Amino acid sequence: LWKTLRNIKNAEKSGLKYIPGIPLNEYSEFLGDNLPVGVSNEELNKFIRIVEFYHNEGIGELPAIYSSQNRLCAAVFFCRWKSRAIYLNPASSKEGKKYSAMFYLLDKFITANAGQNITLDFEGSMVPGVARFYQGFGAIPELYFPLKVNRLPAPLRWIRRL
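Residues numbered from 1 in each chain as written. Predicted model: local features only at pLDDT ≥ 70, side-chain atom pairs only at ≥ 80, totals over all residues. Heavy atoms only, no water.

(A) Broad picture of the side chain of Asp121. Its place among the elements puts Asp121 in strand S6 (residues 119–121). Those residues in contact with Asp121, other than ones at most four positions away along the chain, are Arg84, Ala85, Ile86, Tyr87 and Tyr144. (Helix = DSSP H or I, 4+ residues; strand = E, 2+ residues; numbered from the N terminus. Contact = heavy atoms within 4.5 Å.)

(B) Focus on a nonpolar patch on the surface. Taken together, the side chains of Leu152, Leu156 and Ile159 present a nonpolar region at the surface, about 260 Å² in accessible area. Relative to the assigned elements, Leu152 resides in the loop between helix H6 (128–135) and helix H7 (154–161). Overall, the relative accessible area of 33% leaves Leu152 in the partly exposed class. (Patch = residues over 30% accessible without salt bridge, like charges linked within 9 Å, V, L, I, M, F, W, Y side chains within 5 Å. Areas by Shrake-Rupley, 256 points an atom, 1.4 Å probe, with all protein chains shown as cover. Salt bridge = Lys/Arg side-chain N within 4 Å of Asp/Glu carboxyl O. Buried < 20%, exposed > 50% of the residue type's maximum accessible area, 1.4 Å probe, protein only.)

(C) Quick look at the layout of surface pockets. Space inside the largest pocket adds up to approximately 790 Å³. As for the largest pocket, its lining consists of 32 residues, and the residues nearest its centre are Tyr87, Pro90, Ser92, Lys97 and Met102. Listed by contribution, the elements that provide at least two residues to the lining of the largest pocket are helix H1 (2–13), helix H3 (41–56), strand S5 (84–92), helix H4 (94–98), helix H5 (101–112) and H6. For the lining of the largest pocket, the element with the most residues is H6, which contributes 6 residues. A class-by-class count of the residues in the lining of the largest pocket yields 16 nonpolar, 11 polar and 5 charged. (1 Å grid on protein atoms, 1.4 Å probe; cavity = no way out; pocket = protein on both sides within 12 Å on 5 of 7 lines; lining within 4 Å. Points joined across faces, edges and corners; volume = space filled by probe spheres on them. Nonpolar A, V, L, I, M, F, W, Y, C, P; charged D, E, K, R; others polar.)

(D) Inspection of the nonpolar core at higher detail. By size, the foremost hydrophobic cluster in this structure holds 21 residues, and its most contacted members are Ile65, Phe78, Tyr87 and Phe133. Residue assignment for this core shows that the elements contributing at least two residues are H1, strand S4 (72–81), S5, H5 and H6. Looking at which element gives the most residues to this core, the answer is H5, with 7 residues. Membership of the second largest hydrophobic core comes to 18 residues, among which are Ile22, Phe30, Phe47 and Ile48. (Core = buried A, V, L, I, M, F, W, Y, C linked by side-chain atoms within 4.5 Å.)

(E) Spatial organisation of the pairing of S5. Direction of pairing for S4 relative to S5: antiparallel, over a ladder of 7 bridges. Bridge assignment links Trp81 to a residue of S5, and that residue is Arg84. The loop that links S4 with its antiparallel partner S5 comprises 2 residues; one of these, Lys82, has a positive phi angle of about 55°. As paired elements, S5 and S6 share 3 bridges and run parallel to each other. Bridged to Arg84 within S6 is Thr119. (Pairing = 2+ DSSP bridges.)

(F) Representation of the packing of aromatic side chains within the structure. One pass over the structure, following the stated rule, counts 8 aromatic pairs. Arranged with centres 6.2 Å apart and planes meeting at 85°, the rings of Phe47 and Phe77 form a pair that is edge-to-face. You can see Phe47 sitting in helix H3 and its partner Phe77 sitting in strand S4, a full 30 residues away along the chain. Each member of the pair Phe47 and Phe77 is classed as buried. With centroids separated by 4.7 Å and ring planes inclined at 80°, the aromatic side chains of Phe103 and Phe133 adopt a geometry described as edge-to-face. Of this pair, Phe103 sits in helix H5 while Phe133 is found in helix H6, placing the two residues 30 residues apart along the sequence. (Phe/Tyr/Trp six-rings, centres within 6.5 Å; stacked < 30°, edge-to-face > 60°.)

These values are about where atoms sit, not about what they do.
Structure representation (structure tokens):
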């Protein structure tokens with residue numbers, strides 16, 4: 001927790017600006033420029049179409065952080081569903097990482113939604129560093145049990161067990 005607070009304070013000193021919503025095309029371009037290793041352009045385009053659908057339906061938000069030089073340095077897609085705000089596909093530029101912009105973005109998003117009956121859903125991670133980042137904002141693990149449905153006809157189910 002203390003690392004998270006330190007990163008937020010450092011971000012505030014950097015003159016970062018929180019914007020509650022940016023245009024979809026700006027977010028798309030930013031994601032394209034800051035793609036994680038291993039993500040193809042085809043995968044990015046599929047995700048952008050999903051974001052566009054939810055954004056147009058009014059259940060998607062695109063908050064962002066701009067540097068003091070007015071450069072986009074961090075952005076994330078939040079999908080609102082019932083009483084949840086689901087944190088999806090965050091992106092930071094090198095400058096954003098330097099200034100801990102994602103810490104600042106989450107802090108401002110939480111502050112803007114304080115007092116509402118909303119659960120911030122980080123959608124989990126098995127990556128220790130990412131899980132630690134989420135824990136810095138008070139995230140707690142939530143277990144989901146797998147459901148397996150076998151709709152094969154009975155004789156085939158018996159054969160499959162063998």
